[in-house]
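Residue-level listing of the chains:
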Amino acid sequence: MTSFLTFTILGLVLGAVYAIAASGLVLTYTTSGIFNFAHGAQAMLGTFLYWQLTYGWGWPMWLSLVVVVGLAGPAMGALLHMLIMRGLRETADVTKIVVTVAIMLGMVYLSQWIWHPEEARVTEMFFGANAKIELGGVVVRVHELVCLVVAVAVAIGLRLLFTRTRAGVVMRGAVDDPDLLRLNGHDPDRIAMLSWAMGSTLAVLAGILVTPIGGGALEANQLTLLVIDAFAAAMFGRLRSIPRTFTGAMVLGMTATYVMAYFPTDWTWAGNLRVSLPMIILFVVLIVLPQDRLRVAAVRTRERYRPPTPRSAAVWGAALVAAVFLLALLLDDGSITTFALGMTFAIVALSLTLLTGYAGELNLAPLSFGAVATITGFHFGVTGSGLASRLTLWGVLLAVLVTAVVGGLVALPALRLRGLYLALATMAFGVFLSNMVLRDTTEHTLFGVTFSIFPNGTLIVPPLQVGPFDLRDPRTLLMTATVLFALIGVGLAALRASGYGRRLAAMKDSPAAAAMLGQNLVKLKFGVFMLSAAIAGLGGLLMASAGGSVSGDNFAIMSSLALVMLTVVGGIGYISGALFGGLVSGVGFTIMVGTFNDLATAHPSMESIYKTIGQLLVVATALIGMGVGKNPSGTVHDIVEGYRTLRGARALLAGAAAVEAVLYGLALTGVIGNWWFAILTACLVMALPVAGRMRAAAPVRRTPPELAGVAEPYSDELRERLDRELGLPARERMAKEASVHAVA
Amino acid sequence: MNEQAPLLELTGVRAAYGPIQVLHGVDLRVHPGSVVALLGPNGGGKSTTMKVCAGLLPLTGGELRLAGRRVNGITAQDAARLGICSIPEGRGVFPNLTVRENLWAATGTGARLADLEEAAYTRFPILGERRHQLAGSLSGGQQQMLALSRALGTDPVILLLDELSMGLAPMIVTRMYETVAQLVAEGLSVLVAEQFARAVLPIADTAALMLHGRVVASGRPGDIEDQLSSSYLGG
Amino acid sequence: MPLLETRDVTVRFGGNTAVDGVSIGVEAGCVTGLIGPNGAGKTTLFNTVTGLQRPAAGRVLLDGADVTRLAPAGRARLGLARTFQRLELFLSLSVRDNVRVAGDILRATGRTVDVEKETDRVLARTGLEDIAHLEVSAIPTGRARVVEVARALMTAPRVLLLDEPASGQTERETEAFAALLTGLAAEGLAICLVEHDLPLVMRLCTTIHVLDYGRLIASGTPKEIRESPEVVAAYIGTEEIGTEEVRREEVA
Ligand SMILES: Nc1ncnc2c1ncn2[C@@H]1O[C@H](COP(=O)(O)OP(=O)(O)OP(=O)(O)O)[C@@H](O)[C@H]1O
Ligand SMILES: Nc1ncnc2c1ncn2[C@@H]1O[C@H](COP(=O)(O)OP(=O)(O)OP(=O)(O)O)[C@@H](O)[C@H]1O
Ligand SMILES: [Mg+2]
Ligand SMILES: [Mg+2]
């Protein structure tokens, strides 16, 4: 009985910490509409700072607490609001999610840079680990009591704030209509900044409180993910109700503790289960608790994607294959394998173009579907043994099929969900898979067959062989991956331009209207989810076989999130956005960090500088992600817009092509190094739009459109010109534009 | 009435959404205690003018004067605190706040919640019955009543109404304008934008016709109404 | 027999009864009006008929068949189409594609239609050709309402429910719109029109149903409705009868 009570109290304490973290999430979501994935990372940074002050520099504990919770926490929130969150108005869910994911990744990189991850750091409990009191026969640590008290105080405080104070009511109004708030005499910016400051403070508080409970060791990733566990609690309250969030947190904390306490220790998966429990609960809660916020009238978000025509997509696909072929001639085998790996990531990213870019549904765990395909391929698609073992075509097809089915099964319960909720459901699935399946190295016996899903923690996936095609050769591998990417890309472009694509767009824009036209939404969503999972599966399996062997970490949720983020950065509505996201997340990191580490080894005197630049670059990727709010349609969109000025500038384009050809020739013959080739090409690509703009800047003087009718009286002719200049009619012109636009 | 100094005065006001200029020099005056109706077809710039007056959209040229003072570049929150009460186009309510909380949010200009509630519930009893319902789940007319309530208890100097009658039952339109007329009788000045003149002309002192971002005519309501129908046909 | 019929439909939100035992019919070949003060339950009734809202009680019959439990898409396939009071256009598609996608959906459900030709026909019929290539977010509300109607017509409906289609239209647009509706009804379509533009309703409708506080307070020809004291008190309003109290007494 005492032990039960002890566990209950432990559970309540864990719940209390979840509650503090989750209330912070609820606070920022209700007041800004942004679900903050970086909440955990904020907690982590705050805790590290607290460690630095108290243990690194030996400040008194109370002083560090005041500084971290009272100053650093609010300042971090206010800064986040001013620099980043403010720019996220009128952007799609996926953009908002991706920006906070970028902040999370950036903060983790930053902390690892400042606080070297391999050093051990420990924070202790308040009043020491030995300060205990006895309550009804159960011994409780004072620190644990503090947690409980703080959690209750925070819950009551927030509840009162939201319902009993004008400031709180106004905060809740801010999310729907900041302009209306202005008309009521409030300043929405100040209000939002205040709520971000409060949210951030709660994050920091949760971090400092929870670290000693989990043993005291500080570890950046772990602490960041711990708050992700609190998502489930926040979801109990549908991201709105503080009391329900509090209850949810307590249920979560206690369940986790009981599972740890009472599940037989010889069940190896019980440990895994405990770890993934919050995600299972998150999934269940998402599905069981319906009800959405009331919609404000459909607003047009700032994202703009221009779908390409299938024909122009085909041209660009062919161009891509040719370019990759030429490029491969410059590279050694090692680089080609890396490149091929990136291309397989790009295939995975294509699944996002379809699902998110076209259909508006979110999937935060694309690599998890890749994992499903990899496991299937490994177990059922390999012939031969040792070096002679090969993946068969049937194996690949089977793996893709199984992944599609799994994708459908995951989507099935989540089909009613939209936007953020669906995103979280897929994330829960991804984390669950990582924890339960990809860590499952034990042997099972089913129907008399003994097997283990993930033997030894790594899977050796051999290359594919189809007839004479052997992908053991890196060049063949690269070209196969590229051709597959191009084929799928062209297929998707054709899909988007077809009735099916329009139906997806309709569902994305207004499910109610689509249903009223007779569209069965469940069927459509289900289908597109399966198709997308199949593409991700294909990419994932190729990725595994390109790398030779994979471990569970290759499919971790963090990698998935980075892939999603970079695809959005590139432009999730564009095929080329997928290419960008895949290449950068698949190999960009490796190349960047590798290059600078090589440089550092080669020039020992400059080592620290090169290492710093390498790390800066990694943090910079996260910065790019944060910048997406400025430019939510993606960089590809920007580049394309830049190149619009070049339409018709035949001579300029031809000249550029000639220069590029010469550069390539020089690189091929070894006159210039590959790096020089890359740098000069990049310069050329960037300089072209500038030249185009300069060329276009020599204008014909005419009445500017806004002065029409003022400086010059209205006439039919003028009206016609206005129509033309304001940029809309004439269908053949549109078609032409589309073809120029069809990088995607 | 024109001998008094105008309460709100726009001279040569220009405004733009990004690169697209929408107002090309608007001249408009609202005198104390008068009702000015801003009429004109779709896209003429009525709502944009309202936004400029409320401080939601910055001027790119010209002058905005409030009680003789030049207030170009005033923020919406300052304008609200100076007594400009603007009921925007569409429903000017927070959908995820209850009726009462909406009124509470409206006290940002210094009014007291109790006064606001009292004024709103007396004028529109249905709002009193629904005080704990989310504003977003009210019907269109109820939302419009709630939006107008903001003008009742906060004691503004000037009221800006944009398409008040849109989507409202005839009787409710009548009632809305009765309310407005009552406020005017108490000394309030009103600038009201309507696509349809029918509802507002009876209470208007002056009417101004807006076309393509400029006030092309202003004068007595009856005269403008004639011009209005011809400009609709022309534009 | 009416093509569309509601029988004692009741809808409750928490403690409020938004629609209270309403039975109305919509006949083929004519325009039926549904009017009532704001908050009377007109949109809620539409939502119930189209399956977006579950009724607490009552049944919805389409051509004699009970569709009360059918999903919205299923009802649409039986020939029910509607427009929305708060526009629900597909904002990332052009005007033409907004209409065309309805045909795509139709074809995906196994019907043989020449989507392109049908789209052209509907665009011409509704007078949208001149703006067909524009993005829907760029067109004024009045035209956007017509786009919703055109989209609904693409599904070759038998019953068309219109929720305040004329609000935001200029007088000229309303004229053209009235002509369109008359023409459609003459071809045998059953149209149910919710609208606050009374002159328009009186001119177009053969039968008018009046809702107030969720209840059906009158049904009849435009003439009967205009002369019904209850309706005048609850909806139209006069100089003498305008205040809440009097209205309540009259209704009760
Ligand atoms: N947010 C915006 N961004 C860009 N252009 C806009 C925006 N809002 C309005 N416009 C454009 O400004 C012009 C004037 O619009 P405004 O809303 O002021 O007209 P209005 O007279 O109120 O018309 P309506 O009767 O339709 O309400 C229109 O051409 C419109 O397309
Ligand atoms: N989701 C909801 N939750 C609670 N109450 C609701 C909800 N939807 C509608 N109501 C209530 O039901 C009643 C009927 O609303 P409905 O929107 O059907 O009115 P309407 O007749 O269409 O009015 P209008 O002409 O203003 O559009 C209103 O009192 C409204 O407050
Ligand atoms: Mg307007
Ligand atoms: Mg309605």
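These numbers were taken from a predicted model, which means no experiment stands behind them.

(A) Looking closely at the overall build of chain B. When its secondary structure is counted, chain B shows nine helices and 10 strands. Computed over the C-alpha atoms, the radius of gyration of chain B is 17 Å, within 12% of the 18 Å expected from 2.2 N^0.38 for a compact globule of 235 residues. Reported as C-alpha extents along the three principal axes, the dimensions of chain B are approximately 45 × 40 × 35 Å. The buried share of chain B, taken over its 235 residues, is 61%. Put simply, chain B shows about 8600 Å² of open surface, and 50% of that area lies on carbon and sulfur atoms.

(B) Expanded view of the domain arrangement of chain B. All names here are of chain B. Looking at the assigned domains, one finds that chain B contains domain 1 (8-83 + 157-233) and domain 2 (93-147). Relative placement of domain 1 and domain 2: their C-alpha centres are 24 Å apart. The partner domain 2 presents eight residues to the 11 residues of domain 1 that form the contact. If you look at where domain 1 meets domain 2, you find one salt bridge. As a salt-bridge pair, Glu 178 and Arg 123 come within 3.8 Å of each other at their nearest N and O atoms. When residues of the side of domain 1 that touches domain 2 are traced back to their parent elements, those giving at least two are helix H2 (76-81) and helix H7 (170-185).

(C) Quick peek at the site of ligand 1. Residues and elements named next belong to chain B. Around ligand 1, 13 residues are found, and the nearest of them are Asn 42, Gly 43, Lys 46, Ser 47 and Thr 48. At 2.9 Å, a backbone N or O of Gly 45 approaches an oxygen atom of ligand 1. One nitrogen or oxygen atom from the side chain of Ser 47 is found 2.5 Å from an oxygen atom belonging to ligand 1. When ligand 1 is considered free in solution it has 630 Å² of accessible area, and contact with the protein chains removes 63% of it.

(D) Layout of the confidence of the model for chain B. All names here are of chain B. When pLDDT is averaged along chain B, the result is 87; 95% of the residues meet or exceed 70. Here helix H9 (residues 221-234) is the element of chain B with the lowest mean pLDDT, 67, and helix H3 (residues 99-105) is the one with the highest, 95. We note a pTM of 0.87 for the whole complex and an ipTM of 0.93 for its interfaces.

(E) Main features of the interface of chain A and chain C. Counting residues at the interface gives 26 residues for chain A, matched by 30 residues for chain C. Around 2600 Å² of area is buried between chain A and chain C when both sides are counted, 65% of it from carbon and sulfur atoms. Counting every contact that joins chain A to chain C gives one salt bridge. A salt bridge links A:Arg502 to C:Asp104; the nearest nitrogen and oxygen atoms lie 2.5 Å apart. Connecting chain A to chain C are five residue pairs in polar contact (both at pLDDT 80 or more). Residue assignment for the side of chain A that touches chain C shows that the elements contributing at least two residues are helix H19 (499-509) and helix H20 (511-516) of chain A. The element that contributes the greatest number of residues to the side of chain A that touches chain C is H19(A), accounting for six residues. In terms of residue class, the side of chain A that touches chain C is made up of 15 nonpolar, five polar and six charged.

(F) Representation of the side chain of A:Arg503 within the structure. By the element assignment, A:Arg503 lies in helix H19. One buried charged side chain, A:Arg503, makes no salt bridge at all; its nearest oppositely charged neighbour is C:Asp104, positioned 7.1 Å away.

(G) The arrangement of the environment of C:Leu45 in detail. Residue and element names in this part refer to chain C. Relative to the elements of secondary structure, Leu 45 occurs in helix H1 (residues 42-50). When its relative accessible area of 1% is taken as the criterion, Leu 45 is described as buried. Excluding residues that lie within four positions of it along the chain, Leu 45 makes contacts with Thr 6, Val 9, Val 19, Val 22, Ile 24, Leu 34 and Leu 211.

(H) Local environment of the domain arrangement of chain A. You can read the domains of chain A as domain 1 (2-262), domain 2 (339-634), domain 3 (645-699) and domain 4 (710-743). If you average the C-alpha positions of domain 2 of chain A and of domain 3 of chain A, the two centres end up 33 Å apart.

(I) Molecular detail of the site of ligand 2. Contacts to ligand 2 come from 21 residues, most closely from C:Asn38, C:Gly39, C:Lys42, C:Thr43 and C:Thr44. Surrounding ligand 2 is a set of residues that belongs to chains B and C. B:Gly141 places a polar main-chain atom, nitrogen or oxygen, 3.3 Å from an oxygen atom of ligand 2. At 3.2 Å, a side-chain N or O of B:Gln142 approaches an oxygen atom of ligand 2. Computed on the free molecule, ligand 2 has an accessible area of 630 Å², of which 85% lies beneath the protein chains in the complex. Residues that form the shell around ligand 2 fall into these classes: five nonpolar, 13 polar and three charged.

(J) Geometry of the coordination of the magnesium ion (ligand 4). All names here are of chain C. Only Thr 43 (OG1) and Gln 85 (OE1) from the protein reach the magnesium ion (ligand 4) as donors, at distances of 1.9 to 2.1 Å. Of the two residues, Thr 43 sits in helix H1 while Gln 85 sits in the loop between strand S7 (80-82) and helix H3 (95-108), which places them 42 residues apart along the sequence. For Thr 43, a relative accessible area of 25% translates into the label partly exposed. A relative accessible area of 24% means that Gln 85 is categorised as partly exposed.

(K) Examining the coordination of the magnesium ion (ligand 3) more closely. All names here are of chain B. Taken together, Ser 47 (OG) and Glu 89 (OE) make up the protein donors of the magnesium ion (ligand 3), found 1.8 to 2.7 Å from the metal. Residue Ser 47 is found in helix H1 (residues 46-54), and its partner Glu 89 is found in the loop between strand S6 (84-87) and H3; the two are separated by 42 residues along the sequence. The class for Glu 89 is partly exposed, based on a relative accessible area of 42%.

(L) Inspection of the packing of aromatic side chains at higher detail. Residue and element names in this part refer to chain A. A full pass over the atoms with the stated rule returns 10 aromatic pairs over all chains. Put simply, the rings of Phe 4, Phe 7, Tyr 258 and Tyr 262 pair up and form one aromatic cluster. The side chain of Arg 121 reaches across the aromatic face of Trp 51, ending 5.0 Å from its centre. The residue whose ring lies beneath Arg 238 is Tyr 421, and the NZ or CZ to ring-centre distance is 4.5 Å.

(M) View of the sheet that holds strand S10 (residues 207-212) of chain C. Residue and element names in this part refer to chain C. Here six strands make up an open sheet; going across it, the order is S7-S8-S9-S4-S10-S11 and the pairing mixed. Strands at the two margins of the open sheet, each flanked by one partner only, are S7 and strand S11 (215-220). Averaged over neighbouring strand pairs, the angle between their axes works out to 20 degrees when direction is ignored. Of the strands in this sheet, strand S4 (31-35), S7, strand S8 (159-163), strand S9 (190-194) and S10 are in contact with H1, which crosses S8 at around 150 degrees. Across the face of the sheet, helix H6 (residues 171-186) comes into contact with S4, S8 and S9 while running at roughly 150 degrees to S9.

(N) The arrangement of the interface of chain A and chain B in detail. With 28 residues of chain A in contact, the opposing surface of chain B contributes 31 residues. Summing both partners gives a buried area of about 2600 Å² for chain A against chain B, and 60% of it is carried by carbon and sulfur. Across the chain A-chain B interface, the total number found is one salt bridge. Here A:Arg172 and B:Glu101 are joined by a salt bridge, their closest N and O atoms 2.9 Å apart. Counting across the chain A and chain B interface gives six residue pairs in polar contact (both at pLDDT 80 or more). Listed by contribution, the elements that provide at least two residues to the side of chain A that touches chain B are helix H5 (142-164), helix H6 (166-174) and helix H7 (178-183) of chain A.

(O) Molecular detail of the pattern of salt bridges. Residue and element names in this part refer to chain C. According to the stated counting rule, one finds 28 salt bridges over all chains in the structure shown. We note a salt bridge from Arg 143 to Asp 130, for which the minimum N-O separation is 3.1 Å. One end of the pair, Arg 143, is in helix H5 (residues 141-154); the other, Asp 130, is in the loop between helix H4 (115-126) and H5, with 13 residues separating them in the sequence. Owing to a relative accessible area of 18%, Arg 143 belongs among the buried residues under this scheme. The partner of Arg 151 in a salt bridge is Glu 148, and the shortest N-O contact between them spans 3.7 Å. Here Glu 148 and Arg 151 lie together in helix H5, a separation of three residues that amounts to about one turn. A relative accessible area of 1% places Glu 148 in the buried class.

Rules and cut-offs
Residues numbered from 1 in each chain as written. Chains lettered and ligands numbered in written order. Predicted model: local features only at pLDDT ≥ 70, side-chain atom pairs only at ≥ 80, totals over all residues. Heavy atoms only, no water. Helix = DSSP H or I, 4+ residues; strand = E, 2+ residues; numbered from the N terminus. Rg over C-alpha atoms; globule rule 2.2 N^0.38 Å. Buried < 20%, exposed > 50% of the residue type's maximum accessible area, 1.4 Å probe, protein only. Areas by Shrake-Rupley, 256 points an atom, 1.4 Å probe, with all protein chains shown as cover. Domains from an automatic or database assignment. Contact = heavy atoms within 4.5 Å. Salt bridge = Lys/Arg side-chain N within 4 Å of Asp/Glu carboxyl O. Near = heavy atom within 4 Å. Polar contact = N/O pair within 3.5 Å; in protein donor to acceptor, adjacent residues only side chain to side chain. pLDDT = per-residue confidence, 0-100. Buried area = accessible area lost by both parts, 1.4 Å probe. Nonpolar A, V, L, I, M, F, W, Y, C, P; charged D, E, K, R; others polar. Lys, Arg positive; Asp, Glu negative; His and termini not counted. Donors = N, O, S within 2.8 Å, 3.2 Å for Na, K, Ca; no water. Phe/Tyr/Trp six-rings, centres within 6.5 Å; stacked < 30°, edge-to-face > 60°. Lys NZ or Arg CZ within 6 Å of the ring centre and 35° of its normal. Pairing = 2+ DSSP bridges. Axes fitted to C-alpha atoms, helices over the stretch in contact; angles between N-to-C directions.

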